[in-house]
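Now for the letters of each chain:
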Amino acid sequence: MKFFADTAEIDAIRELADAGLLDGVTTNPSLIHKSGRDFMEVTGEICGIVDGPVSAEVVALDHATMMREAEVLRKIADNVCIKVPLTIDGLKTCRALTGEGTMVNVTLCFSANQALLAAKAGATFVSPFVGRHDDNGFDGMDLIRDIRLIYDNYGFGTEILVASVRHVIHVLEAARIGADVMTAPPAVIKSLANHVLTDKGIEGFLADWAKTGQTILK
Ligand code: E4P
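Predicted model only: the values in this text are computed from it and were never measured. (Residues numbered from 1 in each chain as written. Predicted model: local features only at pLDDT ≥ 70, side-chain atom pairs only at ≥ 80, totals over all residues. Heavy atoms only, no water.)

**Description of unusual backbone geometry**
A positive phi angle, near 60°, is found at Leu-108, a position not held by glycine. The backbone of Ser-164 sits at a positive phi, close to 60°, despite the residue not being glycine. Tracing the backbone shows Ser-164 in the loop between strand 7 (159-162) and helix 9 (168-177). (Helix = DSSP H or I, 4+ residues; strand = E, 2+ residues; numbered from the N terminus.)

**Some points on the layout of surface pockets**
Taken as a whole, the largest pocket spans an internal volume of roughly 350 Å³. Taken together, 21 residues form the lining of the largest pocket, with Asp-6, Asn-28, Leu-31, Arg-132 and Pro-185 sitting closest to its centre. No other element matches the 3 residues that helix 2 (residues 29-35) contributes to the lining of the largest pocket. Residues belonging to the lining of the largest pocket are distributed by class as follows: 7 nonpolar, 8 polar and 6 charged. (1 Å grid on protein atoms, 1.4 Å probe; cavity = no way out; pocket = protein on both sides within 12 Å on 5 of 7 lines; lining within 4 Å. Points joined across faces, edges and corners; volume = space filled by probe spheres on them. Nonpolar A, V, L, I, M, F, W, Y, C, P; charged D, E, K, R; others polar.)

**So, the site of the ligand**
The environment of the ligand is made up of Asp-6, Thr-26, Asn-28, Lys-83, Phe-129, Arg-132, Ala-163, Ser-164 and Arg-166. Measuring from an oxygen atom of the ligand, one finds a side-chain N or O atom of Arg-166 at 3.1 Å. Surface burial for the ligand is 85%, taken as the share of its 340 Å² of free accessible area covered by protein chains. If you map the ligand onto the pockets, it falls in the largest pocket. Split into classes, the residues belonging to the shell around the ligand amount to 2 nonpolar, 3 polar and 4 charged. (Near = heavy atom within 4 Å. Polar contact = N/O pair within 3.5 Å; in protein donor to acceptor, adjacent residues only side chain to side chain. Areas by Shrake-Rupley, 256 points an atom, 1.4 Å probe, with all protein chains shown as cover. Sits in = over half its atoms within 2 Å of the grid points.)

**As for the sheet that holds strand 5 (residues 104-109)**
With respect to topology, 8 strands assemble into a closed barrel ordered 1-2-3-4-5-6-7-8, the strand pairing being parallel. Going from strand to strand, the sheet's axes swing by 30° on average, the running direction of each strand aside. Bridging between strand 4 (residues 80-85) and strand 5 involves 4 bridges; their strand directions are parallel. What sits directly across from Pro-85, in strand 5, is Thr-107. Along the sheet, helix 4 (residues 63-74) makes contact with strand 3 (54-57) and strand 4, crossing strand 4 at roughly 160°. (Pairing = 2+ DSSP bridges. Axes fitted to C-alpha atoms, helices over the stretch in contact; angles between N-to-C directions. Contact = heavy atoms within 4.5 Å.)

Remember, this is a structural readout, not a statement about activity or role.
Take a look at the structure:
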């Protein structure tokens, strides 16, 4: 499963990329606002750190203006992936952009039928939001299971990008189901490394090592 960081914070992106844990980045208007950075500038900087797709979202609601915004955004770097909302205009924009060889992430997906439309529109990625789904009393992982089943039934090439990931169990479940990608806040990605027995094991080994009186570095 590919790991994308759901953030526009440069330091956090660099830290994960340096650890070899990053296959891409997703941003959205709220994350850009949170970063306090200029959209074009920070997107360019992220594209320089990560080789994989960096999602940058259009904010227009009509197809013609989405295309004009996408034209500006895709000039930032070759690895920019244009993010469009799951609306009819967004899908039309998706079809046009992927037809021109541009990666597209169809976002704000909350149903398997919507995901079916994204695949039919030739999306590179579809982003079902599991956390927001859970927040509203639905099981986000049921949605991922349904989309996996439907995409496999027909051999759709659109990658399932599990989004709105809030905790490590979301990551585990997404991997079990066979989602292609998950995007999560850097803190969630880092917390995948946590285990109380790992900490306890290190503590025990270091205590015994100290008793040997030896050092590795002379
Ligand atoms: C996906 O691309 C979105 O940026 C993101 O996952 C939304 O997550 P949230 O529901 O935590 O805002």
